[in-house]
Amino acid sequence: MAKDYTQIMDAPYAILTQFQRDFSFENPGILKFLVGAVTGEPQHNMDWNLSLNKLQDTDYEVVMKMTLAAKIKEETLYMVEAQYGAIVRVNPKNENMTNPILSAEVPSHLYPFIRAIIAKAVADGGYPPLLLPPIDFHGHFVQRMQELEKEQANKDNSNGVAATAGGDKPKPSAGKAAKPNKTTGKSTGKNQKLN
């Protein structure tokens, strides 16, 4: 395996390797698009999710999956599905930060790569250049943690546990930082025109 730069540089984490896991591009509408049988601006649906898997000790696999579909009215032009991942080593000193590292920091690093893969596929498919919008992975992570806190508070209240102001915040889920399994998020760009 790669040299452990988390120890050498005292970094919170290190990306040991990156890889493309899966890719699919379907182009059913290209002929109608090229001959002008369909006209107008394409509408895009874009969804993404993350898969987090513990490999060993402080090594994790993070895989980002993105799906994108472009339509003009009811006519599907193209569909793209890509999975891009990394193997990440978290510095044992930062083990308490594993969840934010894997759910916010690493996806922010991976997104430009998967974005470039999708943009190239769309251009190679015969369409004008496509630039996917930025995604605020840190914001998504904070929002998800707030949702989990509310769920935990509601669960505690329904079980008769009194909520205390200023007390300890509920943990998102037992062992989540030590053993992440899956986290998902969706972009807000559903049915959005992309340049």
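All of the points below concern the structure found in this document.

1. Let's talk about unusual backbone geometry
Positive phi values are uncommon outside glycine, yet aspartate 57 reaches one of about 45 degrees. Backbone geometry places lysine 73, a non-glycine residue, at a positive phi of 55 degrees. Here lysine 73 is to be found in the loop between β3 (59-72) and β4 (75-90). Since its relative accessible area comes to 72%, lysine 73 is described here as exposed.

2. Let's talk about helix α4 (residues 137-158)
The end-to-end C-alpha distance of α4 is 31 Å, a good match for the 32 Å that 22 residues give at a rise of 1.5 Å each. Among the residues of α4, Phe137, Phe141, Met145 and Leu148 are the ones counted as buried. Projected down its long axis, α4 carries its buried residues within an arc of 75 degrees, all on one side. For α4, the exposed residues set more than 90 degrees away from the buried face come down to Lys150, Asn154 and Ser158. You can read the cap of α4 off the contacts: a side-chain oxygen lies 3.4 Å from the backbone nitrogen of histidine 138, and it is on aspartate 136.

3. Comments concerning the pattern of salt bridges
All told, the structure shown has 7 salt bridges when counted by the stated rule. It is possible to trace a salt-bridge network through shared partners that takes in Arg144, Glu147 and Glu151.

4. Comments concerning the packing of helix α3 (residues 98-124) against α4
At a minimum axis separation of 8 Å, α3 and α4 run at an interaxial angle of 155 degrees. In terms of axis orientation, α3 runs roughly antiparallel to α4. The handedness of the crossing between α3 and α4 is right-handed. Judged by residue contacts, Asn99, Pro100, Ser103, Ala104, Glu105, Pro107, Ser108 and Tyr111 of α3 engage Phe137, His138, Phe141 and Met145 from α4. Within the contact of α3 with α4, the residues separate by chemical class into 7 nonpolar, 4 polar and 1 charged.

5. Focus: the side chain of arginine 89
Turning to its location among the elements, arginine 89 is positioned in strand β4. A relative accessible area of 11% places arginine 89 in the buried class. Of note is the side chain of arginine 89, whose polar atom sits 2.7 Å from the side chain of aspartate 59.

6. Points about the nonpolar core
With 35 residues, the main nonpolar core has Met66, Tyr78, Tyr111 and Ile118 as its most contacted residues. Excluding anything up to four places from it in sequence, tyrosine 111 contacts Met46, Met64, Met66, Leu132, Pro133, Pro134, Ile135 and Phe137.

7. Some thoughts on the pairing of β4
Most of β4 sits inside the fold, with 12 of its 16 residues counted as buried. Inspection of the sheet shows strand β1 (residues 13-26) paired to β4 by 12 bridges, in the antiparallel sense. Each bridged residue has a counterpart across the sheet, and for phenylalanine 23 the counterpart in β4 is alanine 82. Relative to β4, β3 is paired through 14 bridges, and the arrangement is antiparallel. Within the sheet, the bridge partner assigned to valine 63 lies in β4 and is glycine 85. The hairpin turn running from β3 into β4, its antiparallel successor, is 2 residues long, and lysine 73 in that turn takes a positive phi close to 55 degrees.

Rules behind the numbers
- Residues numbered from 1 in each chain as written.
- Predicted model: local features only at pLDDT ≥ 70, side-chain atom pairs only at ≥ 80, totals over all residues.
- Heavy atoms only, no water.
- Helix = DSSP H or I, 4+ residues; strand = E, 2+ residues; numbered from the N terminus.
- Buried < 20%, exposed > 50% of the residue type's maximum accessible area, 1.4 Å probe, protein only.
- Expected span 1.5 Å × (residues − 1).
- Arc of directions from axis to C-beta.
- Polar contact = N/O pair within 3.5 Å; in protein donor to acceptor, adjacent residues only side chain to side chain.
- Salt bridge = Lys/Arg side-chain N within 4 Å of Asp/Glu carboxyl O.
- Axes fitted to C-alpha atoms, helices over the stretch in contact; angles between N-to-C directions.
- Parallel < 35°, antiparallel > 145°, perpendicular 65-115°, else oblique.
- Left-handed = near helix turned anticlockwise from the far one by under 90°.
- Contact = heavy atoms within 4.5 Å.
- Nonpolar A, V, L, I, M, F, W, Y, C, P; charged D, E, K, R; others polar.
- Core = buried A, V, L, I, M, F, W, Y, C linked by side-chain atoms within 4.5 Å.
- Pairing = 2+ DSSP bridges.

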